[in-house]
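Observations on chain architecture
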Amino acid sequence: MSGNSKNKENNTMEKIVSLCKRRGFVFPGSEIYGGLAGTYDFGHLGLALKNNIKQSWWKRFVDSRRDMYGIDAAILMNAKVWQASGHLANFADPLDGKKFNTMLKTEVGAGVEASISYLRPETAQGMFVNFKNIVDAFHPKLPFGLAQIGKAFRNEIAPRDFLFRQREFEQMEVEYFIRGEEWEKYFEYWRDEMLDWMREVGLNMTKVHELEVPEAERAHYSKRTIDFEFEYPFGRKELFGLAYRADFDLKNHKLEYLDEEAPTEVGVGAEVGEKIIPHVIEPTFGVDRAILALLLSVYTEDKKDGEVRVYLKFKPNIAPVICAVSPLLKNKPELVEYAFEKVYTPLKAEFGRVAWDDNGNIGKRYRRQDEIGTPLCIVVDFETLSDHAVTVRDRDTGVQERIKVTDLQNYIKRKI
């Protein structure tokens with residue numbers, strides 16, 4: 001990368017970090033007390049964006065499938081879990097020639113009775129230790145998966161690059177249980193599923209690359225791993241991961257599955273099927289990294305009315321705000337009342353993600369809504385009082401059209 005290109009990329013990162021704080025997406029953690037490295041707080045719009053990403057993921061990988069079971073496991077687990085999983089021995093980074101375990105340690109209980117526990121460094125083990133519970137409760141047939149969205153914690157030596165490397169972060173993860181001989185088929189299947197979802201949420205796919213992770217660099221449990229990398233301003237780095245964990249986890253936790261579809265010789269009183277240890281394909285998605293990559297993908301600058309305009313080109317289903325409603329003038333009670341009662345209130349009740357904006361002139365409102373990625377701006381003017389139609393402006397094109405108030409909900413539904 002040339003010097004000019006690198007400076008431009010770094011400048012884009014600075015602009016996004018500034019926008020995130022100024023517009024209420026992401027704030028530095030504990031800022032009024034000097035902050036805490038590797039921690040960030042999500043503001044109103046950042047939380048909405050995060051929830052939309054998680055809901056999109058959950059809808060695609062859980063709600064729309066018949067072979068997936070959701071779970072929300074505890075963050076704190078018995079320390080024996082981490083011993084069996086290999087994390088106590090292997091989950092470490094080099095520091096001054098020594099191995100530094102990045103799990104965050106805590107104590108559960110009081111005084112001499114206290115026992116060591118850890119804030120989980122990944123969400124996977126909570127699913128593995130509940131494997132038997134899910135099988136006993138739902139009797140799923142292979143292949144099937146467990147899915148979880150939740151927090152994970154790592155005592156990173158050097159957290160950096162905004163949301164990319166933090167000490168507290170969120171994962172969206174699937175553990176997909178299969179027969180061992182079918183692992184290659186399902187590995188390719190999940191590779192395609194992951195790529196499709198990336199396109200679905202609006203990532204810039206020209207900046208997404210696949211890296212086949214060599215054996216020496218794979219996690220201790222992995223037989224094969226692909227990293228989906230993204231071209232961040234600070235370099236091409238991991239975004240999501242796809243791993244073949246074989247039977248490592250269930251074997252270490254001493255968990256089996258009765259495969260009733262396996263051919264067996266059935267005698268009187270014999271158990272139908274065969275006891276096996278399923279293998280696992282693991283697609284892993286970082287929520288925070290997805291947010292950062294998405295912000296970098298949708299950040300756009302163009303010229304409108306002779307000045308530079310910044311806007312976030314979110315897909316409507318992902319945008320924190322679907323539409324903003326404004327009276328043309330906020331000092332005209334008849335416009336304010338109509339806009340609030342006839343337009344804003346019904347839309348807010350139907351869609352939730354609707355903003356009321358009457359601050360400044362219309363041009364400033366448009367710029368402000370563009371900057372947070374709102375796809376549609378709806379303005380109530382004096383004509384509305386007689387024709388009961390509003391002006392709807394499109395974020396990307398700036399094109400305006402008149403829409404009847406009674407048609408607004410269907411119009412918006414078609415857009416999203």
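Anything mentioned here points back to the structure above.
To keep things clear, this report deals only with the structure shown in the data block. For clarity, every value in this text was computed on a predicted model and none was experimentally measured. (Residues numbered from 1 in each chain as written. Predicted model: local features only at pLDDT ≥ 70, side-chain atom pairs only at ≥ 80, totals over all residues. Heavy atoms only, no water.)

Glancing now at empty space enclosed by the protein. One way to see where empty space is left: roll a probe the size of a water molecule over the atoms. The tally for this structure, following the rule as stated, stands at 1 cavity of 30 Å³ or more. Forming the boundary of the largest cavity are Ala324, Ser326, Asp357, Ile362, Arg365, Tyr366, Gln369, Cys377, Ile378 and Val379. If you list the elements that add at least two residues to the lining of the largest cavity, you get strand 19 (323-327), helix 11 (362-372) and strand 21 (376-380). In terms of residue count, the dominant contributor to the lining of the largest cavity is helix 11 (4 residues). Its residues placed into classes, the lining of the largest cavity shows 6 nonpolar, 2 polar and 2 charged. (1 Å grid on protein atoms, 1.4 Å probe; cavity = no way out; pocket = protein on both sides within 12 Å on 5 of 7 lines; lining within 4 Å. Points joined across faces, edges and corners; volume = space filled by probe spheres on them. Helix = DSSP H or I, 4+ residues; strand = E, 2+ residues; numbered from the N terminus. Nonpolar A, V, L, I, M, F, W, Y, C, P; charged D, E, K, R; others polar.)

Another point: unusual backbone geometry. The amide bond that connects Leu142 to the next residue, Pro143, takes the cis arrangement and shows omega of -5°. Its location among the elements puts Pro143 in the loop between helix 6 (131-138) and strand 9 (144-153). In this structure, His388 is a non-glycine residue whose phi angle is positive, near 50°. Secondary-structure assignment places His388 in the loop between helix 12 (384-387) and strand 22 (389-394). Judged by relative accessible area, His388 falls into the partly exposed class, the value being 41%. (Buried < 20%, exposed > 50% of the residue type's maximum accessible area, 1.4 Å probe, protein only.)

Further remarks concern the pairing of strand 6 (residues 98-101). In regular strands, side chains alternate between the two faces of the sheet. Pairing between strand 5 (residues 92-95) and strand 6: 4 bridges, direction antiparallel. Residue pairing in the sheet places Pro94 in a bridge with Lys99 of strand 6. Taking the residues that link successive antiparallel strands as the turn, the strand 5-strand 6 hairpin has 2 residues, and the phi of Asp96 there is positive, at about 50°. (Pairing = 2+ DSSP bridges.)

Take the side chain of Thr384 next. Tracing the sequence through the fold places Thr384 in helix 12. On the basis of relative accessibility, which here comes to 0%, the residue Thr384 falls in the buried class. Within the structure, Thr384 has its side chain in polar contact with the side chain of Asp381 (distance 3.0 Å). Here Ala389 takes part through its backbone oxygen, which lies 2.7 Å from a polar atom of the side chain of Thr384. Each residue touching Thr384, except ones within four places of it in the same chain, is listed here: Tyr338, Val379, Ala389, Val390 and Arg402. (Polar contact = N/O pair within 3.5 Å; in protein donor to acceptor, adjacent residues only side chain to side chain. Contact = heavy atoms within 4.5 Å.)

Read across the sheet, 7 strands follow the order 3-9-10-16-13-12-11 without closing on themselves; strand pairing throughout is mixed. Pairing within the sheet leaves two strands with one partner each, and these edge strands are strand 3 (68-70) and strand 11 (208-212). This sheet shows a mean twist of 25° between the axes of neighbouring strands, independent of strand direction. Strand direction decides the pairing type here: strand 3 and strand 9, joined by 3 bridges, are parallel. In the strand pairing of strand 9, Met68 is matched with Gly145. Strand contacts of helix 2 (residues 44-63): strand 3, strand 9, strand 10 (168-178) and strand 16 (279-286), with the helix running at about 160° to strand 9, the strand carrying the most contacts. Most of the contacts of helix 7 (residues 183-201) go to strand 13 (residues 235-246), to which it runs at about 145°, and overall it touches strand 3, strand 10, strand 11, strand 12 (224-232), strand 13 and strand 16. (Axes fitted to C-alpha atoms, helices over the stretch in contact; angles between N-to-C directions.)

With that settled, the discussion passes to the packing of aromatic side chains. Counting across every chain of the model gives 29 aromatic pairs. For the ring pair Trp183 and Phe187, a centre distance of 6.1 Å and an interplane angle of 85° mean the geometry is edge-to-face. Taken together, the residues Trp183 and Phe187, both in helix 7 and 4 residues apart, mark about one turn of the helix. Each ring, one from Trp197 and one from Phe240, has its centre 6.2 Å from the other, and the planes form 50°; the classification is tilted. Of this pair, Trp197 sits in helix 7 while Phe240 is found in strand 13, placing the two residues 43 residues apart along the sequence. For the pair Trp197 and Phe240, a shared accessibility class is recorded, and that class is buried. In this arrangement the basic side chain of Lys50 is found over the ring face of Phe42, its NZ or CZ atom lying 3.9 Å from the centre. (Phe/Tyr/Trp six-rings, centres within 6.5 Å; stacked < 30°, edge-to-face > 60°. Lys NZ or Arg CZ within 6 Å of the ring centre and 35° of its normal.)

So, about the packing of helix 2 against helix 7. Remark: helix 2 packs on helix 7, axes separated minimally by 11 Å, with the N-to-C direction vectors making an angle of 140°. When the axes of helix 2 and helix 7 are compared, the pair comes out oblique. As helix 2 packs across helix 7, the resulting crossing turns out to be right-handed. On helix 7, the residues that touch Ile53, Ser56, Trp57, Arg60 and Phe61 of helix 2 are Trp190, Glu193, Asp196, Trp197, Glu200 and Val201. Classifying every residue of the contact of helix 2 with helix 7 by side-chain character gives 6 nonpolar, 1 polar and 4 charged. (Parallel < 35°, antiparallel > 145°, perpendicular 65-115°, else oblique. Left-handed = near helix turned anticlockwise from the far one by under 90°.)

Time to look at the nonpolar core. Counting 66 residues, the largest nonpolar core has Phe25, Leu49, Trp57, Trp197, Phe240, Ile281 and Phe314 as its most contacted members. One finds Val343, Tyr344, Phe351 and Val354 within the second-largest nonpolar core, a separate group that totals 21 residues. (Core = buried A, V, L, I, M, F, W, Y, C linked by side-chain atoms within 4.5 Å.)

This part is about the environment of Ala152. Looking at where Ala152 falls in the secondary structure, it is placed in strand 9. Each C-alpha atom, one on Ala152 and one on Glu122, is 5.2 Å from the other, the two residues being 30 residues apart in sequence. For Ala152, the residues in contact, after removing those within four places along its chain, are Arg120, Pro121, Glu122, Arg167, Glu168, Phe169 and Gln171.

Turning our attention to a nonpolar patch on the surface. Taken together, Leu328, Leu329, Phe382 and Leu385 make up a surface patch of nonpolar side chains, about 290 Å² in accessible area. Looking at where Leu385 falls in the secondary structure, it is placed in helix 12. The partly exposed category is assigned to Leu385, whose relative accessible area is 33%. (Patch = residues over 30% accessible without salt bridge, like charges linked within 9 Å, V, L, I, M, F, W, Y side chains within 5 Å. Areas by Shrake-Rupley, 256 points an atom, 1.4 Å probe, with all protein chains shown as cover. Salt bridge = Lys/Arg side-chain N within 4 Å of Asp/Glu carboxyl O.)

Glancing now at the sheet that holds strand 8 (residues 115-119). Spatially, the 3 strands line up as an open sheet ordered 4-8-7, and their pairing is antiparallel. Two strands bound the open sheet, and with one partner strand each, they are strand 4 (76-78) and strand 7 (104-108). In this sheet, adjacent strand axes meet at a mean angle of 45° when their direction is disregarded. Pairing analysis gives 5 bridges linking strand 7 to strand 8, with the strands arranged antiparallel. Bridge pairing in strand 8 places Thr106 opposite Ser117.

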